[in-house]
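Observations on the three-dimensional arrangement
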Amino acid sequence: MTPSDQTLEFAHRFEKAERAGLAPLLLLHGTGGDENDLMPLGARIAPGAALLSPRGKVLENGMPRYFRRLAEGVFDLEDLKARTDDLAAFVHEARKTYALDKPIAVGFSNGANIAWSLLLRHPELLAGAILMRAMLPADPAQAPDLTGIPVLILDGEQDPLIPPGGHARLSRLLAKAGASVTTKALPTGHQLTAQDLALAQTWLASRKGA
């Protein structure tokens, strides 16, 4: 279902909850994806949960993204900040429109990167995050208090798109900020696998209210 509410400026899909007591999922696609890409994944890892899936507004060679990059692996950090704030405003409005609790972000690649940016810039926004194939290009000057926020990081051991140290830097930063971080390195590259789905499903099921 795609609503026409003019206050929600991101093209998006929303599926209401079919079961009570489940945290809603904020689904954030990778480069070239759209609001439809992660809906099947969300439905499988949290059956019956509400699903909110916005499409990134930035186009790179016609492919949707959530923020600009200067080259592969090189983020436009100022644009990342502005786009993160824009997405945060959308999530706040969507929560009011759809009467949602704090969501757990589920992001892949570019979507995972804006998900950790949401955690750092708007720590009150999310109940947790699943970050699949994320990277941190540089340590921020200061991180917020993320005490108790659960985060699952799923890395690919042979991922050619993540510079050396990009995985570990993100995990260290979030853990130092107080987040409850679980990291799994999978024997794969940048693509998602059945193991990602199984690990995300198990992790979500172990969360309070999941």
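Along each chain, numbering runs from 1 in the same order as the chain's sequence is written. Owing to the predicted nature of the model, reporting of local features is limited to residues with pLDDT of at least 70; listing and counting of side-chain atom pairs is limited to 80 or more, with chain, interface and lining totals taken over all residues. As a convention, hydrogens and water are excluded, and side-chain values are obtained from all of the structure's heavy atoms.

The subject of this paragraph is the sheet that holds strand 3 (residues 51-54). For two strands to be treated as a pair, DSSP must find at least two bridges joining them. Runs of E in the DSSP output that reach at least two residues are strands. Runs of H or I that reach at least four are helices, and both are numbered from the N terminus. What the 7 strands build is an open sheet, ordered 1-3-2-8-9-10-11; its pairing is mixed. Only two strands of the sheet have a single partner each, and these edge strands are strand 1 (12-15) and strand 11 (180-186). Between one strand and the next, the sheet's axes are offset by a mean angle of 10°, whatever the strand orientation. Across 7 bridges, strand 10 (residues 150-156) lies against strand 11 in parallel orientation. Counted as the bridge partner of Gly156 is Leu186 from strand 11. Contacts between helix 2 (residues 77-98) and the sheet are confined to strand 1, strand 2 (25-28) and strand 3, with strand 3 contributing the most and set at about 145° to the helix. The contact rule is simple, with two residues in contact once any of their heavy atoms fall within 4.5 Å. Axes here refer to lines fitted to C-alpha atoms; in helices the fit is confined to the stretch in contact. Angles between the N-to-C directions go from 0 to 180 degrees. Along the sheet, helix 3 (residues 110-121) contacts strand 2, strand 8 (104-108), strand 9 (128-132) and strand 10; its crossing angle with strand 8, the most-contacted strand, is approximately 145°.

One broad rule of soluble globular proteins: the nonpolar side chains tend to lie buried together. What makes a nonpolar core is a set of buried Ala, Val, Leu, Ile, Met, Phe, Trp, Tyr and Cys residues whose side-chain atoms join them at distances within 4.5 Å. Relative accessibility decides the category of a residue: with a 1.4 Å probe and only protein chains considered, values under 20% of the type maximum give buried, values over 50% give exposed, and everything between is partly exposed. In terms of nonpolar packing, the biggest core is built from 43 residues, with Leu28, Trp116, Leu131 and Leu174 touching the most fellow members. Looking at this core, the elements that each hand over two or more residues are strand 2, helix 2, helix 3, strand 9, strand 10 and helix 4 (166-176). In this view, Leu174 contacts Leu119, Leu120, Leu131, Leu146, Val151, Ile153, Ala179 and Val181; residues no more than four positions away in its chain are not counted.

So, on to the packing of aromatic side chains. Paired rings are identified among Phe, Tyr and Trp, the last through its six-membered ring, by centres lying within 6.5 Å, and are further divided according to the angle between planes into stacked (under 30 degrees), edge-to-face (over 60) and tilted (the rest). For the structure on display, the rule yields 3 aromatic pairs. Relative to Phe90, the ring of Phe10 lies with its centre 5.2 Å away and its plane at 50°, an arrangement referred to as tilted. Taken together, the positions of Phe10 in the segment before strand 1 and Phe90 in helix 2 put the pair 80 residues apart, joining distant regions of the chain. Residue Phe10 shares its accessibility class with Phe90, and that shared class is buried. With centroids separated by 5.0 Å and ring planes inclined at 70°, the aromatic side chains of Phe67 and Phe75 adopt a geometry described as edge-to-face. Just as Phe67 is buried, Phe75 falls in that class too. If you follow Lys57 out to its NZ or CZ, it ends over the ring of Phe10, 4.4 Å from the centre. Both a distance and an angle decide whether a charge sits over a ring: NZ of Lys or CZ of Arg must be within 6 Å of the ring centre and within 35 degrees of the ring normal. Between the NZ or CZ atom of Arg65 and the centre of the ring of Phe67, over which it lies, the distance is 5.2 Å.

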